[in-house]
Amino acid sequence: MSEREVVAQALTTALDGQLSTDEILNLLENPKSAAHGDVAFPTFALAKLLHKAPQAIASELAEKIPTENFEKIEVVGPYLNFFLDKNKVSQDTLNKVITDGSNYGSENVGYGRNVVIDMSSPNIAKPISMGHLRSTVIGNALANIVAKMGYTPVKINHLGDWGTQFGKLIVAYKKWGTEEAVKKAPIQELLRLYVEFHEVAETEPELEDEARAWFKRLEDGDEEALALWQWFRDESLTEFNMIYDKLGITFDSFAGEAFYNDKMDEVVDILDEKGLLQESDGATIVNLDKYDLNPALIKKSDGATLYITRDLAAALYRKRTYDFAKALYVVGNEQSGHFKQLIATFRELGYDWADDIIHVPFGLITQGGKKLSTRKGKIILLEAVLNEADELALNQITAKNPDLPRKEQIAHEVGTGAVIFHDLKNDRLNNFDFDLEEVVRFEGETGPYVQYTHARSMSLLRKSEFKPDPTATYQLNDADSWEVIKLLQAYPETIERAFKKLEPSVIAKHAIHLAQAFNKYYAHVRILDENSERDSRLALVYAVATILKEDLRLLGLKAPDEM
Ligand code: ARG
């Protein structure tokens, strides 16, 4: 039971059913200042219910609650302030973390059920963008979080390997490209061709028609078109995989848009049978007026399918293949209209799982406050960013700890980890500016700061030769350790919150707060000094190391023991 639950329970009994435990839980507050206790209960809601003065209610309640679980209960005006028993809470919490280890906070509510996560999904022949990086690291963290709740995550990379852009690329390649140039630097060259296409098409719009024709040939299985497509795809994937390797992120499936080529007829037929298809200027659409949405464009007038046609086929396929409990789509906020259309179309079909489809949007990464876009060739090359991050980390490690073994590897875990952490630490919908120097700093709210705090606790544990004992009694009751204990104690709730909100930043913030609270404790207490409290202090260090490492793991970062 969490401490809020202990308080809620005590109040439920004292109130004799006038409010339910859930109602009480919703009313409980966490006081800002430690002087007001650990949990506070405001009596305003009860005052309305009972037609009594809040102050009077607070005093009467305080009389009725047995104090055994609390250090004290104070009445301050309309508030009941509960001071938890630090010895008891620290003992319970440390014992639980030591017993459960990295499983502390794990649940099995999702046992035997799949959550499919559509993530990363870059477009072939274009560099993987900062936006795709966000999707990759948010999706990966969500996969770890749902797994922590007992679900089986299925990570799907819905590669953008189909669509009219391949028509454009084929036209551009045939006009201005060579095999050698593509082989030498595939994505760079394909991007150059793509950008050139758009530049030239501004004055020669007939290029667009040529591109449409080539895409049509591709859809019809034309050999030349298919061979070029396959080649562009293979070359691109090799480059993407280099980045995924660097990030340490794997996928369960690379079934991209092209995979659904032969699966779209069925979904179009289903829509047709339900009488949902309409003609509009020669195109085939599903009208979504009643949802206040633009129509879903299923086929163009030349019969070519669209992005949403493939997504309809993909969702149907995923439901059949994985029987998902939830299907998450980690895709930028700018595509929210698309996902609303997708969900609405399945509702129109009467599929009850339509509402298990969840778009998990996120904000933009900007640079110097400006949006990044591929169209104009204004992109940041992700691989270069990660390399530079690793280098910045290496510089700092070399300055702090020149003899560190496996320096390069650790610098990689810290540098690339810093980029991942930076991406996850703010609410995912926030836009943020990317400044590498800022990201890789060892101080402030950064990944390296959390990793450094973990490494520092590991070093204390090594020096002390402490062996945690799940049967021992570890107790602490000072104000600094209390801040750490409360964060450890709140860990299971924290993970649940991250899961419910599909928000990795909840975990990242927990990691930062835990690291900060621990560093404050470390600054005030001589942990290794001989003292009757020594083992309890080291148990706290051990618990912090365990949970920081778990926080980092959930986010997709390594936790080096030394750095
Ligand atoms: N390839 C798309 C893009 O880069 C993202 C795909 C997202 N997933 C999906 N099932 N639509 O914009």
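Here the structure is shown first, and the text comes after it.
Rules of the game
Residues numbered from 1 in each chain as written. Predicted model: local features only at pLDDT ≥ 70, side-chain atom pairs only at ≥ 80, totals over all residues. Heavy atoms only, no water. Core = buried A, V, L, I, M, F, W, Y, C linked by side-chain atoms within 4.5 Å. Buried < 20%, exposed > 50% of the residue type's maximum accessible area, 1.4 Å probe, protein only. Helix = DSSP H or I, 4+ residues; strand = E, 2+ residues; numbered from the N terminus. Contact = heavy atoms within 4.5 Å. Phe/Tyr/Trp six-rings, centres within 6.5 Å; stacked < 30°, edge-to-face > 60°. 1 Å grid on protein atoms, 1.4 Å probe; cavity = no way out; pocket = protein on both sides within 12 Å on 5 of 7 lines; lining within 4 Å. Points joined across faces, edges and corners; volume = space filled by probe spheres on them. Nonpolar A, V, L, I, M, F, W, Y, C, P; charged D, E, K, R; others polar. Salt bridge = Lys/Arg side-chain N within 4 Å of Asp/Glu carboxyl O. Pairing = 2+ DSSP bridges. Right-handed = clockwise from strand over helix to strand, strands pointing away. Near = heavy atom within 4 Å. Polar contact = N/O pair within 3.5 Å; in protein donor to acceptor, adjacent residues only side chain to side chain.

Caption draft 1: Representation of the nonpolar core within the structure. If you look at the biggest cluster of nonpolar residues, it comprises 155 residues, and the most contacted ones within it are Leu11, Phe41, Leu80 and Phe82. Among the elements that take part in this core, helix H22 (residues 534-555) stands out by supplying twelve residues, more than any other. Excluding anything up to four places from it in sequence, leucine 11 contacts Ile24, Leu28, Phe41, Leu61, Ile65, Leu80 and Phe82. Among the nonpolar cores identified, the runner-up in size contains 31 residues, and Ile156, Leu271, Leu293 and Ile357 belong to it.

Caption draft 2: Up close: the packing of aromatic side chains. Scanning the model with the defined rule gives 23 aromatic pairs in all. Here the aromatic rings of phenylalanine 44 and tyrosine 79 are separated by 6.0 Å at their centres, their planes lie at 90 degrees, and the arrangement is edge-to-face. Of this pair, phenylalanine 44 sits in helix H3 (residues 44-50) while tyrosine 79 is found in strand S3 (residues 79-84), placing the two residues 35 residues apart along the sequence. Taking 5.1 Å as the distance between ring centres and 80 degrees as the angle between the ring planes, the aromatic pair formed by phenylalanine 259 and tyrosine 317 counts as edge-to-face. With a gap of 58 residues between them, phenylalanine 259 in the loop between helix H11 (223-247) and helix H12 (264-273) and tyrosine 317 in helix H13 (residues 307-322) connect regions that are remote in the sequence. With a relative accessible area of 32%, phenylalanine 259 lands in the partly exposed category. Judged by its relative accessible area of 27%, tyrosine 317 falls in the partly exposed class. Every member of this aromatic cluster is reached through a ring pair, and the members are Phe324, Phe346, Tyr351 and Trp353.

Caption draft 3: Quick look at empty space enclosed by the protein. Overall, the coordinates contain one cavity of 30 Å³ or more when judged by the stated rule. Roughly 30 Å³ of internal volume is contained in the largest cavity. Split by residue class, the lining of the largest cavity holds two nonpolar, one polar and four charged.

Caption draft 4: Representation of the pattern of salt bridges within the structure. Scanning the model with the defined rule gives 34 salt bridges in all. Salt-bridge contacts for arginine 233 lead to aspartate 161; the nearest nitrogen and oxygen are separated by 2.9 Å. Here the residue arginine 233 occupies a position in helix H11, and aspartate 161 occupies one in the loop between strand S5 (152-156) and helix H7 (164-176), the gap between them amounting to 72 residues. Grouping residues by exposure puts arginine 233 and aspartate 161 together as buried.

Caption draft 5: Quick look at unusual backbone geometry. Positioned with a positive phi, aspartate 292 is a non-glycine residue whose angle comes to about 65 degrees. Along the polypeptide, aspartate 292 turns up in the loop between strand S7 (283-286) and strand S8 (296-299). Located in the positive-phi region is leucine 502, a residue other than glycine, with phi close to 50 degrees. Secondary-structure assignment places leucine 502 in the loop between helix H20 (491-501) and helix H21 (505-524). Look at leucine 502 and you get buried, because its relative accessible area is 11%.

Caption draft 6: Summary view of the pairing of strand S4 (residues 114-118). With four of five residues buried, S4 lies mostly within the body of the structure. By the bridge criterion, five bridges tie S4 to S5 in an arrangement that is parallel. By the bridge assignment for S5, aspartate 118 is matched with isoleucine 156. After leaving S4, the chain enters helix H6 (residues 130-148) and then returns to the sheet as S5, a path that is right-handed.

Caption draft 7: Quick look at the site of the ligand. The environment of the ligand is formed by Asp118, Ser121, Asn123, His132, His158, Tyr307, Asp311, Tyr329, Val331, Gln335 and Phe339. With respect to the ligand, the backbone of serine 121 contributes an N or O atom lying 2.9 Å from a nitrogen atom. For the ligand, an oxygen atom lies 2.8 Å from a polar atom in the side chain of histidine 132. Broken down by class, the residue content of the shell around the ligand amounts to four nonpolar, five polar and two charged.

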